[in-house]
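The primary structure of each chain is shown beneath.
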Amino acid sequence: MTDQTEPSVVYDAGDGYAKLTLNRPKTLNAFTPDMHAGLMGGLARAEADPACRAVLITGSGRGFCAGQDLRDRDPRKMDGPPDLSDSVGRYYNTLVRRIREFDKPVTCAVNGVAAGAGIGIALACDITLAGEDAPLAIGFSRIGLVPDAGTSWTLTRRLGEARAMGLALTGGRLSGREAADWGLIWRAVPGEDLATEAENLTAQLARGPAQALRLTRNAIRAAADQPLDDQLELERGYQGQAGRSPDYAEGVLAFLEKRKPCFAGAHDEAEHSK
Ligand code: T3D
């Protein structure tokens, strides 16, 4: 439902990173096709900008994201049931894949309630912070749906089957603090500190050795899917690439010269293979 003149996603250039703010606060930033387009457009802009070396996703107002805009699913205004597989494939799967495969680190600050696919998007990011009291409301089963936007995958991997099943079947909720205690997200911080913490973290990643960070993301993700022997070989190959990078030379020099490193973030094209 496109009932606003403000952009549904606001793009701000930060200190070496881009901040993408979901901006439909009256609906707790529920997803419309326009908001999906805004997010995809913001990611494309961030990817194309060499000065941008990380992305932070957050929400405006008191919510992070309430999932799909249910006003666009009002059965009274439809001829028949919607084809949700089309919507999930076209919008949510595309977005989750885009975030997961993004070329630069992506952080997320869950500034307030996250529900349904809003949680899936938050958990697709590389590092997720939340306000201590921000509710993560799984919710899907409460409206007769199943977890989507990768939520069934992320919950199960990070929490194990017992907790994932309990949350998914009951449509239960966790506070940001519980989500961090359970290992679902990186950290929970007092709400008033969240924006600063998330911005500092994202700026830190933006200043980091871009190639090594990209390889590290790949290594951590691969670890869940393969045996130790394969992971050891993957680490060996990645370290070979990292060891040839100017960032490594700079890191060692900075250590020896007792100063902070200044990473240029030069990309070795060969290491783009995942
Ligand atoms: O459809 C597809 O394409 C398939 C994909 C599905 C993916 C999904 O995400 S399905 C799940 C959709 N989301 C939900 O089921 C969550 C629905 N919302 C809630 O359960 C609650 O609003 C919250 C737990 C998120 C927050 O509760 P609370 O008490 O803090 O706030 P509230 O009063 O319920 O909501 C505030 C306003 O936001 C309210 O509008 P109003 O009455 O002030 O004009 C409410 O209607 C609106 N809002 C909240 N969530 C949505 C929404 N409007 C549209 N769509 C929403 N999802």
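Here's what I pulled together on the structure shown here. (Residues numbered from 1 in each chain as written. Predicted model: local features only at pLDDT ≥ 70, side-chain atom pairs only at ≥ 80, totals over all residues. Heavy atoms only, no water.)

### Let's talk about the overall build of the chain
Thinking step 1. Each helix and strand in the chain was counted, giving 10 helices and 10 strands.
Thinking step 2. On C-alpha atoms alone, the chain measures out to a radius of gyration of 19 Å, which is about the 19 Å that the 2.2 N^0.38 rule sets for 274 residues.
Thinking step 3. Taken over the C-alpha atoms alone, the chain extends approximately 65 × 45 × 35 Å along its principal axes.
Thinking step 4. Here the chain holds 274 residues, and the buried ones make up 45% of them. (Helix = DSSP H or I, 4+ residues; strand = E, 2+ residues; numbered from the N terminus. Rg over C-alpha atoms; globule rule 2.2 N^0.38 Å. Buried < 20%, exposed > 50% of the residue type's maximum accessible area, 1.4 Å probe, protein only.)

### Considering the environment of Ala-44
Thinking step 1. For Ala-44, the location among the structural elements is in helix 1 (residues 33-48).
Thinking step 2. Classification of Ala-44 by relative accessible area gives partly exposed; the value is 37%.
Thinking step 3. As for Ala-44 and Val-113, which are separated by 69 residues in sequence, their C-alpha atoms are 26 Å apart.

### Re the pairing of strand 7 (residues 127-131)
Thinking step 1. Counting buried positions along strand 7 gives five out of five residues, so the element sits mostly inside the fold.
Thinking step 2. Burial along strand 7 is two-sided: the residues Ile-127, Leu-129 and Gly-131 and Thr-128 and Ala-130 are all buried.
Thinking step 3. Where strand 5 (residues 106-110) lies against strand 7, four bridges are found, and the strand directions are parallel. Pairing of Cys-108 across the sheet is with Thr-128, part of strand 7.
Thinking step 4. Relative to strand 10 (residues 187-189), strand 7 runs parallel, the two being bridged by three bridges. Residue pairing across strands places Leu-129 opposite Arg-187, the latter belonging to strand 10. (Pairing = 2+ DSSP bridges.)

### Some thoughts on the side chain of Ser-175
Thinking step 1. Here Ser-175 is to be found in strand 9 (residues 173-175).
Thinking step 2. What Ser-175 contacts, discounting residues up to four positions off in sequence, is Glu-132, Ala-134 and Pro-135. (Contact = heavy atoms within 4.5 Å.)

### Re the site of the ligand
Thinking step 1. The immediate surroundings of the ligand are formed by 24 residues, with Ala-66, Gln-68, Leu-70, Arg-73 and Ser-87 found nearest.
Thinking step 2. Within the contact set of the ligand, an oxygen atom lies 3.4 Å away from a backbone nitrogen or oxygen of Lys-26.
Thinking step 3. Within the side chain of Ser-87, a nitrogen or oxygen atom sits 2.4 Å from an oxygen atom of the ligand.
Thinking step 4. The dominant element in the shell around the ligand, judged by the number of residues it contributes, is helix 2 (residues 84-100), at four residues.
Thinking step 5. Residues that form the shell around the ligand fall into these classes: 13 nonpolar, five polar and six charged. (Near = heavy atom within 4 Å. Polar contact = N/O pair within 3.5 Å; in protein donor to acceptor, adjacent residues only side chain to side chain. Nonpolar A, V, L, I, M, F, W, Y, C, P; charged D, E, K, R; others polar.)

### Overview of the pairing of strand 1 (residues 9-13)
Thinking step 1. Across five bridges, strand 1 lies against strand 2 (residues 18-22) in antiparallel orientation. Considered in strand 2, the bridge of Tyr-11 is made with Leu-20.
Thinking step 2. As consecutive antiparallel partners, strand 1 and strand 2 are separated by four residues, and within that stretch Gly-16 has a phi angle of approximately 85 degrees, a positive value.

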